[in-house]
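# Reading the structure
The residues making up each chain are set out below.
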Amino acid sequence: MEALHVYDEPPPGVAADWTMPQEWGQFTDADHDRWHEMTVRQVRLLKGLASASFTSGVEQIGLDQGGIPEFKAFNKTFEQATGWIVVAVPGVIPNEPFFKLLAERKFPVANFLRQGSSQEYNDEPDMFHDVFGHLPMFVDPTFGEFMTAYGRAGLRAEKLGMSDWLGRLYLHTVEFGLIREGKELRAYGAGLLSSHAEAVHALTSDKACRLQFNLPRLMRTEWPFDTFQPTYFVIESFDALLEEMETTSLKHVYDKVRDLPLIPIGDTDPSDRAYTVANL
Ligand code: FE
């Protein structure tokens, strides 16, 4: 993967907090059409795969209508529905400003759109991934609360030098997480919701390993960024996930994991507990 939109310093036109004007006028009619096409297709394909919160979120924040949202207008609806706003950023930004924005209930959205209309795998998180994959989940207030708690935890992790460990928690939940809903498994991670093929793989493939949520295990699990994940983690509910953030002393978990080896991509660990239909 060639990372084209990864920055260490704010590039020209970007503020010190890494936000920038969306400049909605830069998007062409063709961009809006492509966006609409991708949205309609993805909504149709995700039926029966996406978490119920996601499906109702798409409607509640109006993502099923029209082209690329203009953030100024969009934020009125979004803030009312979720208590969050979106801000445009140039792409992948450093940890500290990312955590700070989350702690302030501002979700950063990459201000560029993928070329073509690939939905099977996107090389780097673009505006479609950030908006369509992430934003609908915020209508679940507990999920939104988890995201602010994550931002605050991130700021503390930066000081402890543990951001990479905490970052793997984000990856295996917010990006690639699965949740039990009734007797079914559903996807709530944005990486799955913005890639139909990986959502199918995560939920149905017998090559994918689905494990019960286990915080130290998640933090130790290495992940590939250029292919489907081999290992997914299942949560019981967003309440359970938030409780992990609020009642667990992350410092205690860091002390436990920092001297343990990382678990290589796709490897198993003696602590693993498979999530199977029998658990449901
Ligand atoms: Fe993402």
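Residues numbered from 1 in each chain as written. Predicted model: local features only at pLDDT ≥ 70, side-chain atom pairs only at ≥ 80, totals over all residues. Heavy atoms only, no water.

### Brief notes about the pattern of salt bridges
Stated precisely, the cut-off is as follows: Within this document, salt bridges are pairs made up of a side-chain nitrogen of Lys or Arg and a carboxyl oxygen of Asp or Glu, the two lying within 4 Å of each other. Accessible area is worked out with a 1.4 Å probe on protein chains only. A residue is then buried under 20% of its type maximum, exposed over 50%, and partly exposed in between.
Per the stated rule, a full pass over the model turns up ten salt bridges. For Glu 104, the salt bridge is made with Lys 100, and the minimal N-O distance between the two is 3.1 Å. Under the relative-accessibility criterion, Glu 104 is labelled partly exposed at 37%. Looking at Lys 100, the relative accessible area reads 44%, which means it is partly exposed.

### Notes on helix H11 (residues 238-247)
The following threshold applies: Segments assigned H or I by DSSP are reported as helices when at least four residues long, segments assigned E as strands when at least two residues long, and all are numbered from the N terminus. Directions are taken from the helix axis to each C-beta atom, and the arc is the one they span. Here, two residues are considered to be in contact whenever any of their heavy atoms come within 4.5 Å of each other.
Looking only at H11, the buried set comprises Phe 238, Leu 241, Leu 242 and Met 245. Looking straight down H11, one finds that the buried residues subtend no more than 95° of arc, so they occupy a single side. Exposed residues on H11 whose side chains face more than 90 degrees from its buried face are Asp 239 and Thr 247. Tucked inside the fold, the buried residues of H11 contact helix H2 (52-60), helix H6 (141-160), helix H7 (163-175), strand S3 (178-181), strand S6 (231-235) and helix H12 (250-257).

### Quick word on the nonpolar core
To be explicit about the condition: We define a nonpolar core as any set of buried Ala, Val, Leu, Ile, Met, Phe, Trp, Tyr and Cys residues linked to one another through side-chain atoms lying within 4.5 Å.
The biggest cluster of nonpolar side chains holds 81 residues, and the ones touching the most others in it are Phe 107, Leu 135, Met 147, Tyr 150, Leu 166 and Leu 178. Per-element accounting of this core gives the leading share, seven residues, to H6.

### Considerations on the sheet that holds strand S5 (residues 209-212)
Defined as follows: Whether two strands pair comes down to DSSP finding at least two bridges between them. What counts as an axis is a line fitted to C-alpha atoms, over the stretch in contact for a helix, and the angles between N-to-C directions run from 0 to 180 degrees.
Strand order in this open sheet of four strands is S4-S3-S6-S5, and the pairing throughout is mixed. Each edge of the open sheet carries a strand with a single partner, namely strand S4 (184-187) and S5. For this sheet, the mean angle separating the axes of adjacent strands, direction not counted, is 40°. Across four bridges, S3 lies against S4 in antiparallel orientation. Note on S4: the bridge partner recorded for Ile 179 is Arg 186. Where helix H9 (residues 196-204) meets the sheet, its contacts fall on S3, S4, S5 and S6, and the angle it forms with S5 comes to roughly 65°.

### Structural notes on the coordination of the iron ion
The condition is simple: Water is not part of the atom set, so a site may look incomplete; the donors themselves are N, O and S atoms within 2.8 Å of the metal, or 3.2 Å for Na, K and Ca.
Protein-derived ligands of the iron ion are His 129 (NE2), His 134 (NE2), Glu 175 (OE) and Glu 175 (OE), with the metal-ligand distances lying across 2.0 to 2.7 Å. Written as a sequence motif, the donor residues of the iron ion are H-x4-H-x40-E. The pair His 129 / His 134 is uniform in exposure class, with both members buried.

### Observations concerning the side chain of Ser 51
By the element assignment, Ser 51 lies in the loop between helix H1 (29-45) and H2. Classification of Ser 51 as buried rests on a relative accessible area of 0%.

### Quick word on the packing of aromatic side chains
Which entries qualify depends on this criterion: Stacked, edge-to-face and tilted are the three classes for Phe, Tyr and Trp ring pairs, Trp counted by its six-membered ring, which pair at centre distances within 6.5 Å; planes under 30 degrees apart are stacked, over 60 edge-to-face, the rest tilted. By the criterion adopted, a ring carries a charge over it if an Arg CZ or a Lys NZ lies within 6 Å of its centre and within 35 degrees of its normal.
This model, assessed by the stated rule, comprises 17 aromatic pairs. On the numbers, 5.3 Å between centres and 20° between planes, the contact of Phe 74 with Phe 78 is stacked. Here Phe 74 and its partner Phe 78 are both found in helix H3 (residues 71-82), four residues apart, which amounts to about one turn of the helix. Its relative accessible area of 7% is what places Phe 74 among the buried residues. Phe 78 sits in the buried class, given a relative accessible area of 0%. Taken together, Phe 74, Phe 78, Trp 84, Phe 107, Phe 138, Phe 143, Tyr 188 and Phe 238 form an aromatic cluster joined through their ring pairs. Geometry around Trp 165 places Arg 168 over its ring, the cationic atom sitting 4.8 Å from the centre.

On their own, these measurements won't tell you what the molecule is for.
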